[in-house]
Amino acid sequence: MSIHTQRNGGTVVAGRKVAPFKALPHRLARAVRGLPPIVCVLVFGSSTAFADSTVAPSPVAPHGGAVAYDASQHDALIVARRAGRIAPAPALQQLRQWLAAPLADDQRRRVASDAIAIAVADGQFADAVAVGRQVPPTGLSDYALGPLAGAARRTGDIALQGDTVKVWRARQPAAREPRLHEAFWRLANGDTAGAQAIYRALAQPAPTEVADRVALLDLRAALARAQGQPFQALSAYGEITALQPERRDAQRDADFLLAEYGGATAAFEDAQAAERKQPGSIAPLTLAMLEQQALAQQLRWAVKARDQRLGAARVTDLDKVLAAQSAALARVDAALAQPATPDADTWRTLRTRLQSDRMLALLERGRPVDTIALYDSLRADGTVLPPYALGTAARALAQERRSVDAVPLFEQAVVDLPMPDPLHFGLVYAYLDTGRFDDAEALLQRIEGATPVLMRLAPEAGRPNDQFSEVSGLSALLQLYGDRPKIAQPRFDTLTYEAPLNASYAYGAALTERLREHPEAAVARFEALSADHPDDLSVRTGHVEALLDADEFRAARLRAESLEADAPDAAEVREMARKRRSLVGPQLEIDAEGSRGGGTLASREWRVDSRLSSGLIGDAWRVFYAQTLGRGYTSEGTAKWARSGLGASWQQGRWLAEGVLQHANNGRYRNSVAGRVDYRAGDAWRLSATYDGDSKELPWKARAVPFGAQAIGAREFGASVAHIVNESRRFDLQWRRLDFSDGNLRDGLDFGWRERWVSTPRFQLETRLGVDASRSRLQDVRYFSPSRDASAQLSVRGQWLTWKSDDRQFFQVLELGGGSYRQAGFGSGPLWNLRYEHRWALGQKLTLRYGLTFGSHPYDGVREKQRGVFLNLSMPLQ
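All chains use their own residue numbering, which begins from 1 and follows the written sequence. Only residues with pLDDT of at least 70 are given local features in this predicted model, and only at 80 or more are side-chain atom pairs given and counted; all residues enter the totals for whole chains, interfaces and linings. Values reported for side chains reflect all heavy atoms of the structure, with hydrogen atoms and water molecules removed beforehand.

Attention now goes to the overall build of the protein. Each helix and strand in the protein was counted, giving 29 helices and 19 strands. For 878 residues, the compact-globule formula gives about 29 Å, and the C-alpha radius of gyration of the protein, at 42 Å, lies well above that figure. Along the first, second and third principal axes, the C-alpha set of the protein runs to 140 × 60 × 45 Å. We call a residue buried when its accessible area falls under 20% of the maximum for its residue type, exposed when it is over 50%, and partly exposed in between, using a 1.4 Å probe and counting protein chains only. Counting all 878 residues of the protein, 47% fall into the buried class. Helix and strand definitions follow DSSP, with helices as H or I runs of at least four residues and strands as E runs of at least two, each counted in order from the N terminus. Values of the radius of gyration come from C-alpha atoms, whereas the globule rule sets the reference at 2.2 Å times the count of residues to the power 0.38.

Glancing now at the side chain of S613. Structurally, the position occupied by S613 is in strand β5 (residues 604-613). Under the relative-accessibility criterion, S613 is labelled buried at 7%.

A surface patch of like charges, here negative, comprises E589, D591, E593 and E697. Mapping D591 onto the fold places it in strand β4 (residues 587-596). Classification of D591 by relative accessible area gives partly exposed; the value is 40%. Patch construction takes residues with relative accessible area above 30% that form no salt bridge. Like charges are linked within 9 Å, and nonpolar side chains (Val, Leu, Ile, Met, Phe, Trp, Tyr) are linked within 5 Å. We get accessible surface area from the Shrake-Rupley algorithm with a probe of 1.4 Å; when it comes to residues, only the shown protein chains can shield them. Every case where a carboxyl oxygen of Asp or Glu lies within 4 Å of a side-chain nitrogen of Lys or Arg is listed as a salt bridge. In this tally, Asp and Glu contribute negative charge and Lys and Arg positive charge; neither His nor the terminal groups of the chain are included. The location of each charge is read from NZ of Lys, CZ of Arg, CG of Asp or CD of Glu.

Before going further, it helps to examine the nonpolar core. To define a nonpolar core, start from buried Ala, Val, Leu, Ile, Met, Phe, Trp, Tyr and Cys residues and group those joined through side-chain atoms within 4.5 Å. In this structure, M359, Y375, L385, L409, F410, L427 and V428 are the most contacted members of the largest nonpolar core, which totals 46 residues. Residue contacts are counted whenever heavy atoms from the two residues lie within 4.5 Å of one another. Among residues more than four places away in sequence, those in contact with L409 are Y375, L390, A393, A394 and L397. Of all hydrophobic cores here, the second largest spans 33 residues; its members include L99, V120, A152 and V167.

A few words on the packing of aromatic side chains. Stacked, tilted and edge-to-face are the three classes assigned to paired rings of Phe, Tyr and Trp, where Trp is represented by its six-membered ring and a pair needs centres within 6.5 Å; plane angles under 30 degrees give stacked, over 60 edge-to-face, the rest tilted. One pass over the structure, following the stated rule, counts 11 aromatic pairs. Ring centres 5.3 Å apart and planes at 85 degrees place the aromatic pair Y69 and W98 in the edge-to-face group. Here the residue Y69 occupies a position in the loop between α2 (39-43) and α3 (71-83), and W98 occupies one in helix α4 (residues 88-100), the gap between them amounting to 29 residues. Neither Y69 nor W98 differs from the other in exposure class; each is buried. Centre to centre, the rings of W655 and Y679 are 4.4 Å apart; their planes meet at 40 degrees, and the pair counts as tilted. Separated by 24 residues along the polypeptide, W655 in strand β8 (residues 655-664) and Y679 in strand β9 (residues 671-681) bring together distant segments of the chain. We classify W655 as partly exposed; its relative accessible area is 43%. By the ring-pair criterion, three or more aromatic residues cluster together here, those being W803, F810 and W840. For a Lys NZ or an Arg CZ to count as sitting over a ring, it must be within 6 Å of the ring centre and within 35 degrees of the ring normal. Taking the ring centre of Y633 as reference, the NZ or CZ of R604 above it sits at 4.1 Å. Across the ring face of F811, the terminal group of R839 is positioned such that the distance to the ring centre comes to 4.3 Å.

It is worth spelling out a nonpolar patch on the surface at this point. Residues F717, L733, W735, L749, F751, W753, W757, V758 and V771 make up a contiguous nonpolar surface patch of about 770 Å² in total accessible area. Those elements giving two or more residues to the nonpolar patch turn out to be β12 (729-740) and β13 (745-759). Examining the composition of the nonpolar patch, we find that five residues originate from one element, β13, more than from any other. Counting through the fold element by element, F717 comes out in strand β11 (residues 714-726).

With that settled, consider the confidence of the model for the protein. As a per-residue measure, pLDDT tells how confident the predictor is, with possible values from 0 to 100. Averaged over every residue, the pLDDT of the protein is 86; the share at 70 or more is 90%. Looking at the elements of the protein, mean pLDDT is at its lowest for helix α1 (residues 26-32), recorded as 31, and at its highest for strand β10 (residues 685-692), recorded as 98. Contacts of residues 1-65 to residues separated by more than four positions or lying in other chains number 157 contacts, the stretch itself having pLDDT below 50.

Moving on, we get to the environment of G817. The topology assignment puts G817 in strand β16 (residues 808-823). According to the relative accessible area criterion, G817 is buried, its value standing at 6%. Between the alpha carbons of G817 and S538 there is a distance of 43 Å; along the sequence they are 279 residues apart. Leave out the neighbours within four places in its chain, and G817 touches Q793, L794, S795, L831, W832 and N833.

Look at helix α26 (residues 537-549): 18 Å from first C-alpha to last across 13 residues, which is about the 18 Å you get at 1.5 Å a residue. Among all positions of α26, only L537, V539, R540, T541, G542, H543, V544, E545, A546, L547 and L548 are buried. Those residues of α26 that are buried lie in contact with α24 (503-515), α25 (519-532), α27 (553-566) and α28 (571-584). By the N-cap criterion, in which a side-chain oxygen at the helix start approaches the backbone nitrogen of a residue two or three places on, α26 is capped by D536, the distance to S538 being 2.9 Å. Immediately downstream of α26, the backbone of D551 shows phi near 65 degrees, a positive value. Helix span, expected: 1.5 Å multiplied by one less than the number of residues in the helix. Residues adjacent in sequence count toward polar contacts only when both atoms are side-chain atoms; beyond that, a polar contact is any pair of N or O atoms within 3.5 Å, and within protein one must be able to donate a hydrogen and the other to accept it.

Below, the discussion takes up the pairing of strand β19 (residues 862-876). What makes two strands pair is DSSP finding at least two bridges between them. As paired elements, β4 and β19 share 10 bridges and run antiparallel to each other. Within β19, the position partnered with E589 by the bridge is S874. Sheet topology places strand β18 (residues 846-859) next to β19; 13 bridges connect them, and they run antiparallel. Bridge pairing in β19 places Y859 opposite V862. Adjacent in sequence and paired antiparallel, β18 and β19 are bridged by two residues, among which D860 carries a positive phi angle near 55 degrees.

Backbone torsion omega between Q204 and P205 reads -5 degrees, so that peptide bond is classified as cis. Take P205: it is sitting in the loop between α10 (192-203) and α11 (210-226). Backbone torsion omega between M419 and P420 reads 0 degrees, so that peptide bond is classified as cis. On the secondary structure map, P420 appears in the loop between α19 (403-413) and α20 (422-433).

Here's what the structure looks like:
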C-alpha cells in the first residue's frame, strides 16, 4: 500500500485522496489547540497530512489485548481516532503493542509513524520521542518526520532532532517545512547565524499562505528570543494570534516570554482572562506555571515594598503572597492526587518551585523557624531543591545561629553561581561564625579577584562597578569580625574619605569605634549616619547598640522601641532586641576563688562573692542583693565571714553611682555602708572613687579572734584613674587605703600597663606590667603588715580560640608572670605566677571562666608557694 503527499496538501492512500490534517474533525482540532508553539504548524507541517491507510468504516478491533497486527484493523483504528470515537491513549497503546510484535519493514514504518503522529497530536512528546528512538527517522514515513522533529525539540533531544531534520531534508530538499525545522535545530545548537540565514531565505519572497506566514513568524519569534530581543518576539507572537486566533500556543509562549522578562504578573492575568473567556483554552499546567512565576515576581515586589515601609504595612504584601502560595500549592497537590496525572513530573517540578518560593517568603517575613521546618520536610521527602532554595535555608539557619548547619548548604548553593553573589557573602559570614577564618579569607580573595573596579560590560567605558564597593566594605568588615580593629580602622578611614556618602562604609567606621572601646565616638558617628539615612535598619540597630555601650539607656530604649515597632520582622532588629534585653534585664554574677599554701596570709582560704541585680528601672536604676561568704584557716584560728547587703545603683551616660547597706555575721564593723562613683571623662579617661565600711581585703588573721583578743575591722577608701587608648592599650593608676580599727593604716599605690601585641581571629598575645608599693603604720600586729614593700611584675598572656559556633565561643588562656618583690628589712626576692583558664562565651546567655593558679611569693624573707582555683560567672536572667 503506497502513501504519498500531493502539493495541494492531500494524501493519496491506496490510490484514493483523503483530507489533510488541517481538515480533521473539530474534536481533534480542538485538542491540538492547547499544544505548545510550533507543534500545530511545524510539528505536523503546513501541508503534511496525518496518514490514513484507508477510509473503510470497518469496526475497530479491541485494543486492550495483545492482538496480532492486521492492516484492516490498523485502518479501522486510524478512522476511529480521526472520528473521535477512540481516545489517543488507547490508540497509542494498541500501536505500541503492534510495534512490540514482529512486523515487516513497511508495517513497522506505518505503525511507528502513526504512533508518533497521534502522540504529538495529544501533546505526549516524550512518548513520540520514545518511538523515534525505537524506530529511527530513516525508518519512518515522511508525514511522521515533522511531528518527531517537533517532539524532539520540545523534549530537548537535540541529537534526535538533528537526525530527523537530516532525513527529512534529504527526502524533501525543496520543501519549506524541513528547512524551518533545520533552523530550529541550528538555534538549539547555538548556530543563530545559520538559523538567521535560513529565515532570510524563506522570507524572500514573503509567503502568502497563512500557514506559511505563521510558520515563519514562529521562527522569527524564536530567533528574537535567541538574540535577546523579547519585544520583537512578542510582536511576532501577536501577529500569529491575529492570523490564527485559535493558536493558543502562540499566546502561551508570549505569556511565558513576558513572564521571563519581568511581566509575569501581567502574563498570568492575561492567561486567566483568556481562560475565563474560553474555558479549557489554556491547560491547567500552563496556568499553574504562569501563576508560579507571577507569585515569584510578586514576592520580589513585596520584599522591595517591605524595605520601603514601616510598621504593619511592611509585611502586608508578603502575607498576601504567602496566602496565594498556599492556594496555589493546594491546587498543585490536587492535580497530583488524581490517578495517572498527565505530565506528573512537570507538576512535581512546579510544586518544588512553589515550595522553594514559599521558603523565601517565610524567611523574608521574619519566620526563619518556619523556613527551616519547611526545608526539613522537603529534605525528608527526598525533594531536590534548586540552589536559591538551599541558599534560603542556609540564611534561615544562620539567623537561628546554626551556622554549622548553614555552611554546607551555602557551599552547595554557590557552586554554579557567578561571583560575587549575595550568597557568597553569606558563606563568608558563615565561615566566620564557625571559626573557619582561613576559608573566609580565601573565599574573600576569590571574590575580590572576580570583582573589577570598573564594569566589564557597560553602556559606556569607565562606569564604576557597584559590587566592587560592596566587596571593599566586606574586606574591611572581615578584619573587625576577625578581632583586628586596628587594621580595619585605616581601611574604613580611606573608604569613607573616598566615598563619604556610602552608608555601609560609614557604618563600618562607626562599628570600628565601638570595637576600639570608643563608645562616645561611636555614638557620634551613628548619630551623623542616622541623620543621613534615617530609615536604614542596619544604621538604626547599630545606633541602639552604640548607645547601650555608652550607657545611654533611655535613648537606647526609645530608639529600640521605635525600631521594633517599625520592623519587628527584620532579623537584625530581633537580634538587637535580644542583646538589649540581656543587658538591661536582671543579672546574676558570681566570683569564687580558693587557695592553699604557705601560712603568712592563710594556710587555706576560699571566698564567694555573688550579686543579684534587678532589671533597669526607669532606664537608670537597679536594686541589687550582694552576698559574700568566706573562710580562712590561719595560725591565729579559723575565720568565718558572711556579709549580705541590699543596695541600689544609678547609671546614666557617663555616670555610675551606687550605695549599699551591709550586715556581717561578725567583725568590728558588722553594720556598715559602701558606695562608689564612676565617671567617664570622654573615651580616653575613666575616674572612680570607692568606699567600703567593712573591707573585703581585711587579712584573714585579722578576722580570726584568738581567745582574749579583740575583733579587728578595716574601712577601705579607694580612687583610680584609667587612660584607655584603644582595645589594645590601657594604663591604670589606683590608690587604696585600709584604715584598721586597731590604729593601723595601710596605703597602697598600683600602676598597670596592658598592651596587646598580636591580635588574630584565633590568637591574641598581650603583656601586662604591674608596679605597686605600699606602707603600713604598725608592724606589731597579728597579721602581715610590713612597714614598706613594693613589687614589679611582667606577665605574658596568650589566648587561643579553640571552638566557635556563632556567638558561642570557647577560649583557652595561659598567663605566665614573673618579677621581684622587695620588703623592708628582708630585701628582695623573685616572685612568679602561672594561670591557666577556660573561658566560655555562650552568646547573651552566659559567660563562664574557671581555671587554676600556681605561684610563689616571699613573705618576711620566706618563700611560699600557693595553689588556687577560681570561677567567674555572669548570667543574664532574661
